[in-house]
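Topology and contacts: notes
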Amino acid sequence: MSTRAWTWVHKWSSLVCTLFMLLLCLTGLPLIFHEEIEHLSGVVEAPPMSEGTPNASLDRIAQAALERRPGEVIRYMFWEQDEHPDITYVSMARSVDAPPEENNAVIVDSRTARVLDEPKTNEGFMYVMLKLHVDMFAGLPGMLFLGFMGLLMVVAIVSGVVLYHPFMRRLKFGALRTQRSARIKWLDWHNLLGIVTVVWLCIVGLTGTINTLNRIILGIWQMDQMAEMTAPYKGLPPVTRPAHLEASIRAAREAVPDMEVRLVAFPGTMFSSPHHYTFFLRGGTPVTSRLLKPALVDAGTGRLTDSRDMPWYVKTLFLSQPLHFGDYGGLPLKLLWALLDLFAIAVLGSGLYLWLRKPKGATAPDPASDDLADAGPVPAHALRHGGASEVTS
């Protein structure tokens, strides 16, 4: 491709996605520190107890949640062992097949089975930031649209790198021409910040795009592996008297003794079947802690029926999430992700400024010219993104 063609690609891919990438950068910044923000905002904590205090049975915990919200059913239980090891989160709704948005949360002390809180899940600052970042309050269409914007961002980055080489032939790498016009200065900062963060921008952009396919990927898994695992129960009546939850989770742990249970999907929910509890377990290494392995337990007998590793496309989704959010290395990595996010905002803002301030009648750039800034929109480097995207959660 000619320089003129690359300039056209960079120009339009940048212009189309810039505002949306700015939105993702700005909303992603607080999401990087969502744990710290929630802690400062007074999120409930389990009271201190002597080390080694045993946990209550899951049946007691489930009963406590049901008594707190009579007339509702439990859809999921999950744990955050790294952040809140003594808390069980219970997700409830009017029915197991209620829409995901109809979620009521109950937080229970795992040791005493005492209800600690019933937080609102669809309001507050962090909820708004998350929804804007994930789907702009537009559901699946919004997620897919942002995924497409992420792909355009990657195109803008690649085309920007291609343009950067001829642009810098007569300048030193990272040169800042402080004695030139304001537009030249903006261009140099745009180029410098863009080329320094190019790898991070590509990683965050590609993993963010993968994360927007979350529902589609999990839907494929349900129709593929999950359907195969539950096929022997097809056509049977749903379980009306489920087995004890504690006995069921014990069966899952015995089948996969080197992993810990992260989430329980109750019978009839999206990630289970009308006949099973589905226990999702994770490993203890940096990689396996990001992957989940399902173990299906017959909800009528409490016996394990199947357990398999997730297929490659689900593993790809799970492994992309920590790379996108930067939450696999503790606070130091979060600070680095935040700094790179701020650089991305600067790249985006400077690119937008260069386009708005382009000279009238500007034509395609001459790659050998030091004054490339005067020839076109966002003419020199990569744009974009930062921050985070849940799944999600």
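The structure we're discussing is the one just above.
Residues numbered from 1 in each chain as written. Predicted model: local features only at pLDDT ≥ 70, side-chain atom pairs only at ≥ 80, totals over all residues. Heavy atoms only, no water.

1. Thoughts on the overall build of the chain
When helices and strands are counted, the chain shows 11 helices and 8 strands. Counting the 393 residues in the chain, one finds 49% classified as buried. Carbon together with sulfur atoms contributes 62% to the accessible area of the chain, which is approximately 18,900 Å² in total. (Helix = DSSP H or I, 4+ residues; strand = E, 2+ residues; numbered from the N terminus. Buried < 20%, exposed > 50% of the residue type's maximum accessible area, 1.4 Å probe, protein only. Areas by Shrake-Rupley, 256 points an atom, 1.4 Å probe, with all protein chains shown as cover.)

2. As for the packing of aromatic side chains
Taken as a whole and assessed by the stated rule, the structure comprises 9 aromatic pairs. Seen in terms of ring centroids, F20 and F145 are 4.8 Å apart; in terms of plane orientation they differ by 80 degrees. Their pairing is edge-to-face. In this pair, F20 sits in helix 1 (residues 3–32) while F145 sits in helix 5 (residues 139–167), placing the two residues 125 residues apart along the sequence. What makes F20 partly exposed here is its relative accessible area of 27%. Relative accessible area serves as the criterion here: at 32%, F145 is assigned to the partly exposed category. (Phe/Tyr/Trp six-rings, centres within 6.5 Å; stacked < 30°, edge-to-face > 60°.)

3. Topic: the packing of helix 6 (residues 182–196) against helix 11 (residues 330–356)
Contact geometry for helix 6 and helix 11: axes closest at 9 Å, N-to-C directions at 145 degrees. Of the two elements, helix 6 crosses helix 11, and the hand of that crossing is left-handed. Together, A182, R183, W186, L187, H190, L193 and G194 of helix 6 and F343, A346, V347, S350, G351, Y353 and L354 of helix 11 make up the contact between the two elements. Classifying every residue of the contact of helix 6 with helix 11 by side-chain character gives 9 nonpolar, 4 polar and 1 charged. (Axes fitted to C-alpha atoms, helices over the stretch in contact; angles between N-to-C directions. Left-handed = near helix turned anticlockwise from the far one by under 90°. Contact = heavy atoms within 4.5 Å. Nonpolar A, V, L, I, M, F, W, Y, C, P; charged D, E, K, R; others polar.)

4. Some thoughts on the nonpolar core
By size, the foremost hydrophobic cluster in this structure holds 29 residues, and its most contacted members are I61, I74, M77, V90, L245, V264 and F279. Every element with two or more residues in this core is listed here: helix 3 (58–68), strand 1 (73–80), strand 2 (84–93), strand 3 (104–109), helix 9 (245–255), strand 5 (260–265), strand 6 (276–282) and strand 7 (293–298). Excluding residues that lie within four positions of it along the chain, I74 makes contacts with A62, A65, L66, V90, S91, M92, V96 and F266. (Core = buried A, V, L, I, M, F, W, Y, C linked by side-chain atoms within 4.5 Å.)

5. Brief notes about the sheet that holds strand 2
Reading across from one edge, 4-3-2-1-5-6-7-8 is the order of the 8 strands in this open sheet, with antiparallel pairing throughout. The open sheet has two free edges, formed respectively by strand 4 (115–117) and strand 8 (304–307), since each of these has just one partner strand. When strand polarity is set aside, the average angle formed by the axes of neighbouring strands in this sheet is 30 degrees. Sitting on the sheet, helix 8 (residues 214–230) touches strand 6, strand 7 and strand 8, and the angle it makes with strand 7 is about 40 degrees. (Pairing = 2+ DSSP bridges.)

6. Description of the pattern of salt bridges
Considering all chains together, one arrives at 13 salt bridges under this definition. Linking R111 and D86 is a salt bridge whose minimum nitrogen-to-oxygen distance equals 3.7 Å. With R111 in the loop between strand 3 and strand 4 and D86 in strand 2, the pair connects residues that are 25 residues apart, well separated along the chain. Linking K131 and D135 is a salt bridge whose minimum nitrogen-to-oxygen distance equals 3.1 Å. (Salt bridge = Lys/Arg side-chain N within 4 Å of Asp/Glu carboxyl O.)

7. Notes on helix 3
Each α-helix winds once per 3.6 residues, and so residues spaced three or four apart point in a common direction. Of all the positions in helix 3, only L58, I61, A62, A64 and A65 are classed as buried. Viewed end-on, helix 3 has its buried residues packed into an arc of 160 degrees, placing them on one side of the element. Residues of helix 3 that are buried sit in contact with strand 1, strand 2, strand 3, strand 4 and helix 9. (Arc of directions from axis to C-beta.)

8. Structural notes on the packing of helix 1 against helix 4 (residues 125–134)
Running from amino to carboxyl end, helix 1 crosses helix 4 at an angle of 140 degrees, the nearest separation of the two axes being 9 Å. Our classification of the angle between helix 1 and helix 4 gives oblique. Considering the relative orientation of helix 1 and helix 4, their crossing is left-handed. Here L23, L24, T27, G28, P30 and L31 of helix 1 come into contact with helix 4, specifically with F125, M126, M129, L130, L132 and H133. For the contact of helix 1 with helix 4, a count of residues per class yields 9 nonpolar, 3 polar and no charged. (Parallel < 35°, antiparallel > 145°, perpendicular 65-115°, else oblique.)

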